[in-house]
Amino acid sequence: MNFFKEELEKIKQADQDRNMTYLESAQDSKVLIDGKEYLIFGSNNYLNLSNNREIIESVKDAVDKYGYGSGGSRLTTGSYDVNRRLEEDLAKFKGTEKALVFNTGYMANVGVISAICDRKWSIFSDRINHGSIVDGIVLSGAKFKRYKHNDIEDLKKLLSEDESKYKLIVTDGVFSMDGDIAPLEEISLLAKEYEALLMIDDAHGVGVLGENGKGTVSHLGLEGKVDIQVGTLSKAFGCIGGYVAGDADMVDYVKNRAKSFIFATSNPPLNSVAVLKSLELVKNADEKRKDLLEKSAYLRRKLKEKNFDVIDGITPIIAVVVGSSKEVLRIQNSLLEEGIYVPGIRPPTVPRNTGRLRISLMSNHTYGDLDILIKKLGEIL
Ligand SMILES: Cc1ncc(COP(=O)(O)O)c(C=O)c1O
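These numbers were taken from a predicted model, which means no experiment stands behind them.

A. The arrangement of the pairing of strand β13 (residues 355-360) in detail. Buried residues dominate β13, accounting for 6 of its 6 residues. On β13, burial covers both faces: Gly355, Leu357 and Ile359 on one face and Arg356, Arg358 and Ser360 on the other are all buried. Examined bridge by bridge, strand β10 (residues 317-323) and β13 share 6 bridges and lie antiparallel to one another. For Val321, the partnering residue across the bridge sits in β13 and is Arg356. Pairing geometry for strand β12 (residues 344-345) and β13, over 2 bridges, is antiparallel. Across the sheet, the residue bridging to Ile345 is Arg356, located in β13.

B. Just the packing of helix α13 (residues 325-337) against helix α14 (residues 367-380), in detail. It is at 10 Å that the axes of α13 and α14 come closest, and there the two elements cross at 130°. By the angle class used here, α13 and α14 are oblique. As α13 runs across α14, the sense of the crossing is right-handed. Residues Arg330, Ile331, Ser334 and Leu335 of α13 pack against Lys376, Leu377 and Ile380 of α14. When the residues that make up the contact of α13 with α14 are grouped by side-chain class, the tally is 4 nonpolar, 1 polar and 2 charged.

C. Broad picture of the site of the ligand. Taken together, 15 residues are adjacent to the ligand, and Gly105, Asp201, His204, Thr232 and Lys235 come closest. With respect to the ligand, the backbone of Tyr106 contributes an N or O atom lying 2.9 Å from an oxygen atom. Here the ligand loses 84% of its free accessible area of 380 Å² to cover by the protein chains. The residue inventory of the shell around the ligand, partitioned by class, reads 2 nonpolar, 10 polar and 3 charged.

D. Structural view of the side chain of Asn129. For Asn129, the position within the fold is in the loop between β4 (121-126) and α5 (131-140). Ignoring sequence-local partners within four residues, the contact set of Asn129 consists of Val134, Val170, Thr171, Asp172 and Phe175.

E. Region of the structure containing the sheet that holds β10. Strand order in the open sheet formed by 3 strands is β10-β13-β12, with antiparallel pairing between adjacent strands. Both edges of this open sheet fall to β10 and β12, since each of them pairs with a single strand only. In the packing of helix α12 (residues 286-305) onto the sheet, the strands contacted are β10 and β13, and the crossing angle to β10 comes to about 20°.

F. Inspection of a negative patch on the surface at higher detail. Taken together, the side chains of Glu97, Asp227, Asp247 and Asp249 define an acidic patch exposed on the protein surface. Mapped onto the fold, Asp227 is located in the loop between α8 (216-219) and β8 (228-232).

G. Structural detail: the nonpolar core. Core analysis: the biggest nonpolar cluster contains 55 residues, and Phe41, Leu90, Leu299, Leu303, Ile359 and Leu377 have the highest contact counts within it. Of the residues forming this core, the biggest block, 8 residues, is contributed by helix α11 (residues 269-283). There are two domains that each give this core at least three residues, and those are domain 1 (25-47 + 286-380) and domain 2 (53-283). Ignoring anything within four residues of it in the chain, the contact list for Leu90 reads Ala99, Val101, Leu233, Tyr243 and Leu279. Residues Ala115, Ile137, Ile228 and Ala264 belong to the second largest nonpolar core, which totals 27 residues.

H. Representation of α5. Inspection of α5 places Ser132, Ile133, Gly136, Ile137 and Ser140 among the buried residues, and these make up the whole buried set. Mapping the buried residues of α5 onto a view down its axis gives an arc of 140°, with all of them on the same face. What points out from α5, more than 90 degrees from its buried face, is the exposed set Val138 and Leu139. Tucked into the core, α5 has its buried residues touching α4 (105-116), β4, β5 (143-147), β6 (166-172) and β7 (197-201). One or two steps after α5, the chain reaches Gly141, where phi turns positive at roughly 80°.

Each value, and the rule that gives it
- Residues numbered from 1 in each chain as written.
- Predicted model: local features only at pLDDT ≥ 70, side-chain atom pairs only at ≥ 80, totals over all residues.
- Heavy atoms only, no water.
- Buried < 20%, exposed > 50% of the residue type's maximum accessible area, 1.4 Å probe, protein only.
- Helix = DSSP H or I, 4+ residues; strand = E, 2+ residues; numbered from the N terminus.
- Pairing = 2+ DSSP bridges.
- Axes fitted to C-alpha atoms, helices over the stretch in contact; angles between N-to-C directions.
- Parallel < 35°, antiparallel > 145°, perpendicular 65-115°, else oblique.
- Left-handed = near helix turned anticlockwise from the far one by under 90°.
- Contact = heavy atoms within 4.5 Å.
- Nonpolar A, V, L, I, M, F, W, Y, C, P; charged D, E, K, R; others polar.
- Near = heavy atom within 4 Å.
- Polar contact = N/O pair within 3.5 Å; in protein donor to acceptor, adjacent residues only side chain to side chain.
- Areas by Shrake-Rupley, 256 points an atom, 1.4 Å probe, with all protein chains shown as cover.
- Patch = residues over 30% accessible without salt bridge, like charges linked within 9 Å, V, L, I, M, F, W, Y side chains within 5 Å.
- Salt bridge = Lys/Arg side-chain N within 4 Å of Asp/Glu carboxyl O.
- Lys, Arg positive; Asp, Glu negative; His and termini not counted.
- Charge placed at Lys NZ, Arg CZ, Asp CG, Glu CD.
- Core = buried A, V, L, I, M, F, W, Y, C linked by side-chain atoms within 4.5 Å.
- Domains from an automatic or database assignment.
- Arc of directions from axis to C-beta.

Structure (structure tokens):
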């Protein structure tokens, strides 16, 4: 059968062939690739915690105590005292009654949505929401209603036409490929008006926005207005995992119904120990966050001054739209030759002809690093 060959050929023809870049050092603002040092601008390790000394030391102790593998799923033998502590601390941090930790943010989104919704539900989802939200919706069997990106009028129209018994509105807090923030206050008002549940995926907001890094809901002053808060422990936290936080009944229901929670071996206990330490560091990082957002504003401003097509926002995800996949690859490769690694993002991850450089900053990038990127991009573009 020629299926794979033919399909791969189509992918290559569209300049959408994907390959990995292998790092030979820790995830930091400078990394080693094939023995050569590169400045990277594409990591989600926003607070540079994945390579933090205190977290590393805590993990060393944890591996001596718990070993490595967890040995079971969370509802059988794979829950540890540190899982309970982490879920209690996360709920306190998010200001909710309860929290539940999944192995990844992807599994949290898929598990939560498909656990809560079925054919009796309509789900209203921003058109550029993350793929894990889309997969959760498809798996749930609910009616899938996509509204235009951040378009309140379109959302209102879809809600007003809907006759389902139950409704869920779901949006990213910070959009992963655009770096902009959802108009959550307006969305929460619509949720109230149409008696819909409101869910936010704050993968890129938690740790980065809000007081103590509590995320987009806190940044916008909307505590208590969002029913279901999903997030990841794999980006600003520098570890691995995802969580859902909210009312006790919702979280307990998800624990009983989410297949990606039930049918998977849990993460190693040492990961919970790492996240507990990371959570302390995240909470105390207001200065670091301020500095990160200032650097983000500086880079956005400088790139705009050079007339690059930069998507507006305040977050450390700075998308420079360049158009075709070919052009994305050309720029990515030219930057690599200059010792700079910026992942180019192509369809189907982003809509056709909106291929882009997804620049993201870490708190330990220096203004000197940013100036190098600005200069090299100017030369290449
Ligand atoms: C918006 C968004 N949600 C969810 C996820 C999934 O999180 P994780 O990487 O922890 O699986 C990601 C990242 O990949 C993301 O960007």
